[in-house]
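Residue strings, one per chain:
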Amino acid sequence: MTHPTGWGLIGASNVAREWIIDAIRAQPGSDVRGVLSSDAGRGAAFAEANGIAYHTTSLQDLLSRPDIDAVYISTNNRLHFEQTIAAARAGKHVMCEKPLALSVDDASEMVRVCRQSNVVLGTNHHLRNAATHMAIHGLIEDGRIGGLIAARLFHANFLAAALQGWRVNDQGGGVILDSTIHDIDTLRFLFDENPVSVFAMTQSGRLAQDGIEDGIMAVLRFPGDVLVQIHGGYTTPFSPGGVEIMGERGIIIGRDCMSQRPIGTVSVRDGEGEHDIPLKHHNLYHRAFALFTAAIHGDGRPAATGEDGVASLGIALALRESARTGREIGINLP
Ligand code: NDP
């Protein structure tokens, strides 16, 4: 079904340029009508390079345009809160990048104001749209490996030089809020549960400064006494991303499945050997924006809702708290 939607971009960002403009334009009848940048020159260059007719440095001007129905927010993490609140109050639907905010209180307020303003809030946790994770979710749900016992998720790589800005020099960055938060959201999606407690140790100093973490190993306890280990980081070249889910009757193995790209394999290893699960890959962001666009036209919900964004942020902040205090942290979400 066609859902014509006019979009405004809040943030002349790398992720918008690389992935999101294309994902918006892949939706029949949707287009990007304007872009906001804090720098007029950067906004003009971004608009011209990406075929966007309108650019501005004024959030109010962007939000007052009647041809804009929804905004995609991909500015610095510190700005997501106030920009989402302003967009919702202007009646615009919001697809916001993760982390939704820097505190659970702010993120919860974003959910509350969007609800009150009758607009849809989505969180751009792209991995739950991957064919690999959708297949793993189905296998778990179907009981293919029996009751769950444990899992390992590894999502550590080397941060490209071009990305070594706010991720390694701003307290709103760091690997937990940038990347491990996606791992947390993926686990919440795979298990349909939130962890009950977490413990983490972090590294810093190889790429990130001032105590900002550039590596993490964490253990999460899920309901039913299921233990999950996560390794994340910016400093390990050549490491593949993947996940292994161990059950009473077998193991699900996802290889190369922590990527933004539609790649990776899934197999099940059990008493009869290892079998590949057939996958039909698709662009993760196309699916995220298709679901979001349908949701704002009253059909279904975003792949990751605002509430998902709050929960994944709360668990990510608990990992930080655990690393800081050396304690296991219980998860109490709003
Ligand atoms: P960028 O660093 O590319 O952009 C963030 C902000 O930095 C922009 O809004 C822009 O401000 C400013 N900026 C961009 N280029 C320059 C420059 N040359 N000089 C000065 N300032 C500049 O960030 P990312 O695209 O990497 O990330 C943006 C958001 O998206 C973050 O919240 C991140 O967590 C999230 N993200 C999500 C991904 C996903 O797959 N879900 C993937 C990657 C990032 P202005 O708009 O004012 O011009």
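Residues numbered from 1 in each chain as written. Predicted model: local features only at pLDDT ≥ 70, side-chain atom pairs only at ≥ 80, totals over all residues. Heavy atoms only, no water.

In the nomenclature of an unreviewed UniProt entry, the protein chain corresponds to Gfo/Idh/MocA family oxidoreductase from the organism Gluconacetobacter diazotrophicus.

> Describe the overall build of the protein chain, naming the residues involved and giving the relevant values.
The helix and strand inventory of the protein chain stands at 10 helices and 15 strands. Taken against the 2.2 N^0.38 rule, which gives 20 Å for 334 residues, the C-alpha radius of gyration of the protein chain at 20 Å falls within 12% of a compact globule. Dimensions of the protein chain, computed from C-alpha atoms along their principal axes, come out at roughly 60 × 50 × 40 Å. Taken over 334 residues, the protein chain has a buried fraction of 54%. Long-range pairs, those at least 24 residues apart, make up 69% of the contacts in the protein chain between residues at least 6 apart in sequence. With 28 positive and 37 negative side-chain charges, the protein chain shows a separation of 1 Å between the mean positions of the two kinds. (Helix = DSSP H or I, 4+ residues; strand = E, 2+ residues; numbered from the N terminus. Rg over C-alpha atoms; globule rule 2.2 N^0.38 Å. Buried < 20%, exposed > 50% of the residue type's maximum accessible area, 1.4 Å probe, protein only. Contact = heavy atoms within 4.5 Å. Lys, Arg positive; Asp, Glu negative; His and termini not counted. Charge placed at Lys NZ, Arg CZ, Asp CG, Glu CD.)

> Quick one: what's the story with the sheet that holds strand β14 (residues 273–276), residue by residue and with numbers?
The strand order β14-β13-β12-β11-β7-β10-β9-β8-β15 describes an open sheet built from 9 strands, whose pairing is mixed. Edge positions in the sheet fall to β14 and β15 (329–330), since each has one partner strand and no second. Pairing analysis gives 7 bridges linking strand β7 (residues 148–156) to strand β10 (residues 226–233), with the strands arranged parallel. Bridging across to β10, Leu153 finds its partner in Ile230. On the sheet, helix α8 (residues 175–191) packs against β7, β8 (197–203), β9 (215–222), β10 and β11 (242–247) and is oriented at approximately 150 degrees with respect to β10. Running at roughly 60 degrees to β8, helix α10 (residues 306–325) makes contact with β8, β9 and β15 of the sheet. (Pairing = 2+ DSSP bridges. Axes fitted to C-alpha atoms, helices over the stretch in contact; angles between N-to-C directions.)

> Go over unusual backbone geometry, please, and point to the residues and values.
Here the bond from Lys98 into Pro99 is cis, since omega is -20 degrees, no more than 30 degrees from zero. Structurally, the position occupied by Pro99 is in the loop between β5 (93–96) and α5 (104–116). The phi torsion at Asn118 lies on the positive side, around 65 degrees, for a residue other than glycine. Examined against the element boundaries, Asn118 turns out to sit in the loop between α5 and β6 (121–123). For Asn118, a relative accessible area of 67% gives the class exposed. Of note in the backbone geometry, Asp192 takes a positive phi value of approximately 55 degrees without being a glycine. As for its position among the elements, Asp192 is in the loop between α8 and β8.

> Tell me about the site of the ligand, and please be specific about residues and values.
Residues in contact with the ligand amount to 23 residues; listed here are only the nearest, Asn14, Ser37, Ser38, Asn77 and Tyr285. Ala12 places a main-chain nitrogen or oxygen 2.8 Å from an oxygen atom of the ligand. Protein burial of the ligand: of its 890 Å² of free accessible surface, 75% is covered by the chains. Contributions of two or more residues to the shell around the ligand are made by α1 (14–25), α7 (166–169) and α8. Of the residues in the shell around the ligand, the class split is 5 nonpolar, 13 polar and 5 charged. Composition of the shell around the ligand by domain shows at least three residues from each of domain 1 (5–125) and domain 2 (127–284 + 314–330). (Near = heavy atom within 4 Å. Polar contact = N/O pair within 3.5 Å; in protein donor to acceptor, adjacent residues only side chain to side chain. Areas by Shrake-Rupley, 256 points an atom, 1.4 Å probe, with all protein chains shown as cover. Nonpolar A, V, L, I, M, F, W, Y, C, P; charged D, E, K, R; others polar. Domains from an automatic or database assignment.)

> Account for helix α6 (residues 131–141), with residues named and values stated.
Among the 11 residues of α6, 8 are classified as buried, and the element is accordingly described as predominantly covered. Among all positions of α6, only Ala131, Thr132, His133, Ala135, Ile136, His137, Leu139 and Ile140 are buried. At the exit of α6 stands Gly143, carrying a positive phi of roughly 75 degrees.

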